[in-house]
2 protein chains.
Amino acid sequence: MHFTPRLQQLLAALRCLPGVGPKSAQRMAFYLLDRDRDGAGELAVALRSALDEVGHCEHCRMFAEQALCTVCADKKRDAGMICIVETPADVIAVDDSGGYRGRYFVLMGRLSPLDGIGPLELGINLLERRLREETITEVILATSATVEGEATAAYIAGLAEKQGIRATRIAHGVPMGGELEYVDSSTLSLALSARTQVPTDAVD
Amino acid sequence: MHFTPRLQQLLAALRCLPGVGPKSAQRMAFYLLDRDRDGAGELAVALRSALDEVGHCEHCRMFAEQALCTVCADKKRDAGMICIVETPADVIAVDDSGGYRGRYFVLMGRLSPLDGIGPLELGINLLERRLREETITEVILATSATVEGEATAAYIAGLAEKQGIRATRIAHGVPMGGELEYVDSSTLSLALSARTQVPTDAVD
């Protein structure tokens, strides 16, 4: 069975979405054409308008529609702290945790020399200028717990140190609610070696 | 964390896709803006162009860009057989099975009086005209094996009978490769009651 040209084009275009293969693309295309033409029209408009208007914050590289993102434009945020993350989704995750009221810097990736991703691609020069010119007291390294993430964190910690700024790494260990039985061995080994003294008042 | 207005609009629009919730929508939006802006632009164009150009075949209600779909326009197809299906996706499924070279009729749903879906919504008047005016020898009922699907099949079989046309129903039973242990009991009970005589030459 051959699809008509526009349908073929739509099926191919839907497959640019992450996690969408040929079967899902067909399901989506048929659903939109059959049941939700208004929704499809709105999606086309929303895509075009997001592409035209959404860029990156010139201060932290987060998605933004103005020069500054909502976090960098927010004067109530603690300007002395920078949390370094790999992706815009990480900013959302950290911010939604509610435990952080400082600013961010989004690397849009992590150091990976083999893929041609060096400090320049991660906007490290922009970060260095911020470390030099702003009054930063702490850099929180929240890159992923992978080899590249750790290397990226170590590299940025070095930069912070040069400016005399304290660099901290988010804690890694057993997740809350995680049963030891189901935690992978490298996490468990790390949780053991990074064990902390139980405060004595907890024993009372 | 607040998303910027266009990003919010894009997240809402992506959720019109079937199977896409808030988390997937965020993943898709960030992926498109971050890594595949060209793909997103093509998707916007493809959606608009499909909405503008893809309609329904005036003969069988399948998706089509001309008055007739590719199947109805194909003179080499057996015009004496109509396979009745519920959705365009079913046409693709039947056609890809390779076992059928006739024509189709797409109901775009199934009889469901409680949801206000009667014969008119399913284009039964169009189907009746085809049964009356064309030289049809067989109507194959390939609606789904649900209560509504069966009711729809029975209704159309009645129409075919009135015109003296043979109506057949696709076989239901244990799927190929299906192990009896994992087949649900209603399918198994149906497969038992619809058992067929083993041809004697198979015993040789």
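Residues numbered from 1 in each chain as written. Chains lettered and ligands numbered in written order. Predicted model: local features only at pLDDT ≥ 70, side-chain atom pairs only at ≥ 80, totals over all residues. Heavy atoms only, no water.

**Focus: the environment of Glu128 of chain A**
Now for step 1: Note on placement: Glu128 of chain A falls in helix H6 (residues 124-133).
Now for step 2: A sequence separation of 28 residues divides Glu128 of chain A from Ile156 of chain A, and the C-alpha atoms of the two residues are 8.9 Å apart. (Helix = DSSP H or I, 4+ residues; strand = E, 2+ residues; numbered from the N terminus.)

**Here we look at the environment of Ala167 of chain B**
Residues and elements named next belong to chain B.
Now for step 1: Position of Ala167 relative to the elements: it lies in strand S6 (residues 166-169).
Now for step 2: The partly exposed category is assigned to Ala167, whose relative accessible area is 33%.
Now for step 3: Taking the C-alpha atoms as reference points, Ala167 and Ala154, separated by 13 residues in sequence, lie 9.4 Å from one another. (Buried < 20%, exposed > 50% of the residue type's maximum accessible area, 1.4 Å probe, protein only.)

**Quick notes on helix H7 (residues 147-162) of chain B**
All names here are of chain B.
Now for step 1: Helix length check: H7, at 16 residues, gives a terminal C-alpha distance of 23 Å against a target of 22 Å (1.5 Å per residue), a fit within 8%.
Now for step 2: All buried positions along H7 are accounted for by Gly149, Thr152, Ala153, Ile156, Leu159 and Ala160. Across the axial projection of H7, the buried residues extend over an arc of 120°, all falling on one side. Across from the buried face of H7, at angles greater than 90 degrees, the exposed residues are Val147, Ala154, Glu161 and Lys162.
Now for step 3: In this structure, the buried side of H7 is in contact with strand S3 (78-85), helix H6 (124-133), strand S5 (138-141) and S6.
Now for step 4: Of the residues one or two after H7, Gly164 is the one with positive phi, at around 70°. (Expected span 1.5 Å × (residues − 1). Arc of directions from axis to C-beta. Contact = heavy atoms within 4.5 Å.)

**Considerations on the domain arrangement of chain A**
Now for step 1: Domains assigned within chain A are domain 1 (5-53) and domain 2 (76-197).
Now for step 2: Taking the mean C-alpha position of each, domain 1 of chain A and domain 2 of chain A sit 35 Å from one another. (Domains from an automatic or database assignment.)

**What to know about the sheet that holds strand S3 (residues 78-85) of chain A**
Residue and element names in this part refer to chain A.
Now for step 1: Read from one edge to the other, the open sheet built from four strands follows the order S4-S3-S5-S6, with strand pairing classed as parallel. Looking at strand neighbours, the two that pair on one side only are strand S4 (102-106) and strand S6 (166-169), the edges of this open sheet. Adjacent strand axes in the sheet meet at a mean angle of 25°, parallel and antiparallel pairs treated alike.
Now for step 2: Pairing of strand S5 (residues 138-141) with S6 involves four bridges; the strand directions are parallel. Bridge pairing in S6 links Glu138 to Arg166. (Pairing = 2+ DSSP bridges. Axes fitted to C-alpha atoms, helices over the stretch in contact; angles between N-to-C directions.)

**Focus: the packing of helix H5 (residues 88-96) of chain A against helix H2 (residues 22-35) of chain B**
Now for step 1: Between H5 of chain A and H2 of chain B, the shortest axis-to-axis distance is 9 Å and the interhelical angle comes to 140°. Classified by the angle between their axes, H5 of chain A and H2 of chain B sit oblique to one another. Along the contact surface, H5 of chain A presents Pro88, Ala89 and Ile92 of chain A, while H2 of chain B presents Gln26, Phe30 and Asp34 of chain B. (Parallel < 35°, antiparallel > 145°, perpendicular 65-115°, else oblique.)

**A short note on the packing of aromatic side chains**
The way to describe two aromatic rings as a pair is by their centre distance and the angle between their planes.
Now for step 1: Tallied over the entire structure, the rule returns six aromatic pairs over all chains.
Now for step 2: Their ring planes at 65° and their centres at 5.2 Å tell us that Tyr100 of chain B and Tyr104 of chain B sit as a pair that is edge-to-face. A single burial state applies to Tyr100 of chain B and to Tyr104 of chain B, both of which are buried.
Now for step 3: An aromatic cluster is built from Phe3 and Phe30 of chain A together with Phe63 of chain B, whose rings are joined through pairwise contacts. (Phe/Tyr/Trp six-rings, centres within 6.5 Å; stacked < 30°, edge-to-face > 60°.)

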